[in-house]
Amino acid sequence: MLPLKDKDKPIVQKLLAAGCCARCILRFCCVSVQAAYRQPQQDTLQDLQAFVSSTDNSKSQDLAAESTEENNKSHNAAASEPPEDPPSKRAKLEPSGPGAPAEEHAAAAAAAAVTLTEEEEDGVCVVCLGILQELCSTTRAVKIAERVKAEKYEFDTLVLSVSLPAQLCVREHSCWLHVKKELREKSMAVDKDDVIQVKEAFKWVMQGRVAKELSGVAVVTRSSFEVGVEFTHPETDSDCHFLATTCGDCFKPTKNKQSVFTRMAVVKALEKISDAKFLQHYPCPPARPSSSCSPQDVQCLHVSVFVAGRYNKFCRSLPQTPWVIDGERRMESSVEELIAAPVLSAFRADGFNFSSSGREDVDVRTLGNGRPFAMELLNPHRSRFSRVEMKQLQEAINKSSDKIRVRDLQIVTRDAMSRMKEGEEEKTKSYTALVWTLKPIQSQDIAFIDDIKDLTLDQKTPLRVLHRRALAVRQRVVHSMNVRFLDSHHFYLGLKTQAGTYIKEFVHGDFGRTKPNMSELLKTDTDILELDVESVDVDWPPSIPE
Ligand code: ZN
C-alpha cells in the first residue's frame, strides 16, 4: 500500500487531473519511502486511482448525509470494490488529451475506462517530462550499465549524478503553485522544500537497478567514481524564457555556458518571482509535452589519483617540460613526458598535471637522490596499484629512457602533495658547478672559498628570466662552499644554498646584478660551464626501500 494519508487525497486528485505521473504525485505528497518509487509506475498509478476513488465516495457520502462512524466503516468496505464512477468522471475531465495519437482516440471511443488508464501511462508527465517514467526503467539501467562496463573502469562503488533540463524547475514550480492553492483551502502546512526532488526520486529508482546490472557494485552517495546521467528536452527549452523578462539580473551571459538559462539561474529567478507574476506568464498546471526527455551520453569520471616520486636527469639537453617556442618544439622530449607516458598508460588516465619541487634548466643535470615531483592523473580508469605494481611501473619508466631515472614512485593523497610545495623557499639545495676563470689560478688561490659561510647575496632578477619574472632584488643565502682544483683555469665549486638561489648568476655575476659574486671574490672574470643539482633537501615523498 502507498504511504499516503487522507490529507493527500485532494493533492493526488489534482495532480492526476493535471497530467502528473504516478511518481511525481508521490513526490508532491512528500512520500519519502523509497520503495514506493521503485514499484512499477502502472501499479502506483492504479493504487493512486483507487485511493482517489475512495475519496470521491467518502466525499459524496459526506455531502449526501450526516455520516456516522458506522457509515464510514461500511463505506470503506465498499471502497475496495472496483470503482466504476471515477474513470468515467476522469474521462470527462480529459476526454482524449491534446497530444494523443489518432488510434488512441479510436481506442478511447471503444473503451473509455480502459483507455483512460493507458493514456495516463503513455502520456508524458507534465512535470518530470518522462524522467520518472520510462527514463528510469530497467531498460535504461541496462543501457547505463553497458556504457559503464564498456569504459572498463576499476571501481568498488559509484555515485550516480543526474543533470536535468533547467525548465524542470519551472514546471515543478507551476505544479507546486497548482497544489498550493488546494493546500491553502485545506490549510495544510506543507513547504516546497518537503517535496521530493525529481533527482532524488530518480536515484531511488535507478541506483538499485544500475547496481544490479553491474553485478551488485554499491551505488552510494559519495564515491571516487561518478556516473553522470544527463537529460535534455529541447521541446520545452523556451519554458524558462519568460523569466529573463521578469528577472533580467539572474541571467548574465557566462563564458563557458551555452545558454544563460542554467539551472542555478532559473532557481534564483523562481525564488524572486511572485506567484501572481509567475501565473501571468506560465500555465498552471504546466502544458502537456508531446515527447519525453532525451537521455544524453553517460559520462563516467573517476577522481584524480596522485603519484609522486623523485627523478634524476642525466642529460644536458632535456627540458623539464615540453619546450615550445612560437608553436614549434625545440627539444624532442622532456622529463615530464618521459615520466608521464608509462604512468598514463598504466593508470589509463585521460591527462595529467605535473609539478615538482623547483626545476632545473635544460642544460642542468639533477643527480643524487633526485628532485621530488608529483603528478595528478586525470580521470584514471585504473587506480589501484600494489607496492609491487608501482615498483614494476617505476622499472618500466627507467627502462624506457637513459636520460632520466625515477625512484620512490608511490600513490599519494592530494593533501600530501601540498607538502612538496610548502616551505620550499626555506629548504636547501646542493649543487656542483664547473667554473672557468680568465686569470690562471693555483689551488691555493681558491682555498679561501671553503671558509666562507652563510654568504648573503642580493640577486636582481636575472636577465635570462626577466621576461617571465618581476624585477626585484631577492636575498638568498649560500650556506657553504667547497672547491676542487682542476687546472689553471677550471675548478669544481660545491655549493649548499637556500632554495631559489640563482647559481649561474652567482658564478658569472650577471653584469653585476648578483652581488657579491664569484668574479668579485676571485677578482677575475668567471663563468659557469656546467651545473649539476646534487640534492634537493625536501623530505617528501617518503623514500621506499629498494
Ligand atoms: Zn513525473
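Here the structure is a predicted model, which means the values were calculated and not measured.

Some thoughts on the confidence of the model for the protein chain
So, point 1. Averaged over every residue, the pLDDT of the protein chain is 86; the share at 70 or more is 86%.
So, point 2. Predicted confidence for residues 57-121 stays below pLDDT 50, and this span has 48 contacts to residues more than four positions away or in other chains.

Side note on the coordination of the zinc ion
In an ideal tetrahedron of four donors about a metal, each angle is 109.5 degrees. In an ideal octahedron of six donors, the angles are 90 or 180 degrees.
So, point 1. Coordination of the zinc ion by the protein comes from C21 (SG), C24 (SG), C125 (SG) and C128 (SG), over a distance range of 2.2 to 2.3 Å.
So, point 2. Taken together, the four donor atoms coordinating the zinc ion and their angles of 106 to 113° define a geometry best described as tetrahedral.
So, point 3. Look at where the donors of the zinc ion fall in the sequence and you get C-x2-C-x100-C-x2-C. On the criterion of sequence distance, the pair formed by C24 in helix α2 (residues 22-28) and C128 in the loop between α8 (112-122) and α9 (138-150) is long-range, its members being 104 residues apart.
So, point 4. Assessed through its relative accessible area of 0%, C128 is described here as buried.

A closer look at the nonpolar core
A general trend in soluble globular proteins is that nonpolar side chains are found buried together.
So, point 1. Membership of the largest hydrophobic core comes to 81 residues, with the highest contact counts inside it found for I131, L132 and F202.
So, point 2. The element that contributes the greatest number of residues to this core is helix α11 (residues 198-213), accounting for eight residues.
So, point 3. Two domains share this core, each providing at least three of its residues, namely domain 1 (1-123) and domain 2 (127-303).
So, point 4. Each residue touching F202, except ones within four places of it in the same chain, is listed here: I131, L132, L135, C136, L160, V162, V229 and F231.
So, point 5. Among the nonpolar cores identified, the runner-up in size contains 34 residues, and V435, L455, M481 and V483 belong to it.

A word on a nonpolar patch on the surface
So, point 1. Together, L463, L466, L471 and F511 give the surface a local cluster of nonpolar side chains, amounting to about 460 Å² of exposed area.
So, point 2. Of note, L466 is situated in the loop between β13 (453-460) and β14 (473-487).

A few points about helix α17 (residues 414-421)
So, point 1. Here α17 has its buried residues at A416, M417 and M420. Burial along α17 is one-sided: seen end-on, the buried residues are contained in an arc of 105°. Seen from the open side of α17, the exposed residues pointing more than 90 degrees away from its buried face are R414 and D415.
So, point 2. Looking at the buried side of α17, the elements it contacts are β6 (305-313), β9 (351-356), β10 (365-378) and β11 (404-412).

Examining the packing of helix α15 (residues 335-347) against helix α16 (residues 387-400)
So, point 1. Packing of α15 against α16 brings their axes to within 9 Å, and their N-to-C directions diverge by 140°. Judged on the interaxial angle alone, α16 and α15 are oblique. With respect to the hand of their crossing, α15 and α16 are arranged in right-handed fashion. Contacts between α15 and α16 involve L338, I339, P342, V343, A346 and F347 from the former and M390, L393, I397 and S400 from the latter.

Details of the side chain of S519
So, point 1. Here S519 lies in helix α20 (residues 518-522).
So, point 2. With a relative accessible area of 17%, S519 lands in the buried category.
So, point 3. One polar contact links the side chain of S519 to the main-chain carbonyl oxygen of T524, over a distance of 2.9 Å.
So, point 4. In contact with S519, other than residues within four places in its own chain, are V507, T524, D525 and T526.

Looking at the packing of aromatic side chains
So, point 1. Scanning all chains against the criterion turns up 11 aromatic pairs.
So, point 2. Their ring planes at 50° and their centres at 5.6 Å tell us that F278 and Y282 sit as a pair that is tilted. The two residues F278 and Y282 agree in class, both being buried.
So, point 3. Both rings, one in Y311 and one in F373, keep their centres 6.0 Å apart while their planes meet at 50°; by these two values the pair is tilted. Linking Y311 in strand β6 with F373 in strand β10, this pair joins segments that are 62 residues apart in sequence.
So, point 4. These aromatic residues form a ring-pair network of at least three members: Y153, F155 and F225.
So, point 5. For the cation-ring pair, R382 lies above F385, with the distance from its terminal atom to the ring centre recorded as 4.0 Å.

Let's talk about the environment of K460
So, point 1. Assignment of secondary structure puts K460 in strand β13.
So, point 2. The sequence separation of K460 and R474 amounts to 14 residues, and the corresponding C-alpha distance is 6.3 Å.
So, point 3. Those residues in contact with K460 that lie beyond four places of it in its chain are L471, A472, V473, D510 and R513.

Quick word on the environment of E425
So, point 1. Tracing the chain through its elements places E425 in the loop between α17 and β12 (428-437).
So, point 2. A relative accessible area of 40% means that E425 is categorised as partly exposed.
So, point 3. Note: C-alpha distance between E425 and A499 (74 residues apart in sequence) is 5.2 Å.
So, point 4. If we ignore the near neighbours within four places in the chain, the residues touching E425 are R476, Q498 and A499.

What to know about unusual backbone geometry
So, point 1. The linkage connecting C284 with the following residue, P285, adopts the cis geometry, with an omega of 0°.
So, point 2. Relative to the helices and strands, P285 resides in the loop between α14 (275-281) and β4 (294-295).
So, point 3. Of note, the amide linkage connecting K515 to P516 takes the cis form, showing an omega dihedral of -10°.
So, point 4. A positive phi is found at L129, a non-glycine position, where the angle reads about 55°.
So, point 5. The residue L129 is located in the loop between α8 and α9 in this model.
So, point 6. At D326, a residue that is not glycine, the phi angle is positive and equals roughly 50°.
So, point 7. Mapped onto the elements of the fold, D326 is located in the loop between β7 (324-325) and β8 (328-329).

Basis of the calculations
- Residues numbered from 1 in each chain as written.
- Predicted model: local features only at pLDDT ≥ 70, side-chain atom pairs only at ≥ 80, totals over all residues.
- Heavy atoms only, no water.
- pLDDT = per-residue confidence, 0-100.
- Contact = heavy atoms within 4.5 Å.
- Donors = N, O, S within 2.8 Å, 3.2 Å for Na, K, Ca; no water.
- Tetrahedral: all angles 85-135°; square planar, octahedral: opposite > 155°, others 65-115°.
- Helix = DSSP H or I, 4+ residues; strand = E, 2+ residues; numbered from the N terminus.
- Buried < 20%, exposed > 50% of the residue type's maximum accessible area, 1.4 Å probe, protein only.
- Core = buried A, V, L, I, M, F, W, Y, C linked by side-chain atoms within 4.5 Å.
- Domains from an automatic or database assignment.
- Patch = residues over 30% accessible without salt bridge, like charges linked within 9 Å, V, L, I, M, F, W, Y side chains within 5 Å.
- Areas by Shrake-Rupley, 256 points an atom, 1.4 Å probe, with all protein chains shown as cover.
- Salt bridge = Lys/Arg side-chain N within 4 Å of Asp/Glu carboxyl O.
- Arc of directions from axis to C-beta.
- Axes fitted to C-alpha atoms, helices over the stretch in contact; angles between N-to-C directions.
- Parallel < 35°, antiparallel > 145°, perpendicular 65-115°, else oblique.
- Left-handed = near helix turned anticlockwise from the far one by under 90°.
- Polar contact = N/O pair within 3.5 Å; in protein donor to acceptor, adjacent residues only side chain to side chain.
- Phe/Tyr/Trp six-rings, centres within 6.5 Å; stacked < 30°, edge-to-face > 60°.
- Lys NZ or Arg CZ within 6 Å of the ring centre and 35° of its normal.

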